[in-house]
Amino acid sequence: MKIIRIFSRLIGRFKYIITILVSLVILGAVGENSWLSQREYNSQIRQLKAEIGELNRQYKADSLRLDELDKSPQAIEKIARERYFMKADDEDIFVLSDEIEGEEDDEATE
């Protein structure tokens, strides 16, 4: 009984301070604007900025490649040969396989 009386006196005496502290703890840990949410949002922002930087570098490289293709017919010819296996009339194309030797042996025995 004595403990309850002491506890109620403390609450009565410091009720505003206790209310403010409890409110700050709740606001700091729960909700969209909490400290934990802000940390998560900042982490996402860093990841997105890194992705934007990578995409900007890729855009610049692709733009340079496109300018090269616009100005140089040899670049178009090189891409046509490498990607689409196109050839000139007096050329032959040999396609080399990257298969592992063990896979080739398995196919031969079947």
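Structural data are supplied above this passage.
About the cut-offs
- Residues numbered from 1 in each chain as written.
- Predicted model: local features only at pLDDT ≥ 70, side-chain atom pairs only at ≥ 80, totals over all residues.
- Heavy atoms only, no water.
- Helix = DSSP H or I, 4+ residues; strand = E, 2+ residues; numbered from the N terminus.
- Salt bridge = Lys/Arg side-chain N within 4 Å of Asp/Glu carboxyl O.
- Buried < 20%, exposed > 50% of the residue type's maximum accessible area, 1.4 Å probe, protein only.
- Axes fitted to C-alpha atoms, helices over the stretch in contact; angles between N-to-C directions.
- Parallel < 35°, antiparallel > 145°, perpendicular 65-115°, else oblique.
- Contact = heavy atoms within 4.5 Å.
- Nonpolar A, V, L, I, M, F, W, Y, C, P; charged D, E, K, R; others polar.
- Expected span 1.5 Å × (residues − 1).
- Arc of directions from axis to C-beta.

(A) The arrangement of the environment of Val-25 in detail. Mapping Val-25 onto the fold places it in helix α2 (residues 15-29). Between the alpha carbons of Val-25 and Ile-3 there is a distance of 26 Å; along the sequence they are 22 residues apart.

(B) Fine view of the pattern of salt bridges. A complete count under the given rule lists 1 salt bridge for this structure. Across the pair Glu-54 and Arg-57 runs a salt bridge, and its minimum N-O distance is 3.1 Å. Of this pair, Glu-54 and Arg-57 both sit in helix α3 (residues 35-71), 3 residues apart, roughly one helical turn. You can call Glu-54 partly exposed: its relative accessible area is 44%.

(C) Geometry of the packing of α3 against helix α4 (residues 73-84). Between α3 and α4, the least distance of the axes is 5 Å, while the angle of their chain directions is 110°. Classed by the angle they form, the pair α3 and α4 counts as roughly perpendicular. Where α3 abuts α4, its residues Arg-65, Glu-68, Leu-69 and Lys-71 lie against Pro-73, Ala-75, Ile-76 and Ile-79. When grouped by side-chain class, the residues that make up the contact of α3 with α4 number 5 nonpolar, no polar and 3 charged.

(D) View of α4. Along its 12 residues, α4 runs 16 Å from first to last C-alpha, staying within 8% of the 16 Å computed at 1.5 Å per residue. Where α4 is concerned, the buried positions are Ala-75, Ile-79 and Ala-80. One face of α4 carries all of its buried residues, which in axial projection span an arc of 140°. Projecting away from the buried face of α4 at angles above 90 degrees are the exposed residues Pro-73 and Gln-74. Taken together, the buried residues of α4 touch α3. The positive-phi residue at the C-terminal boundary of α4 is Phe-85, with phi of around 55°.

Don't take any of this as a statement about function, it's just geometry.
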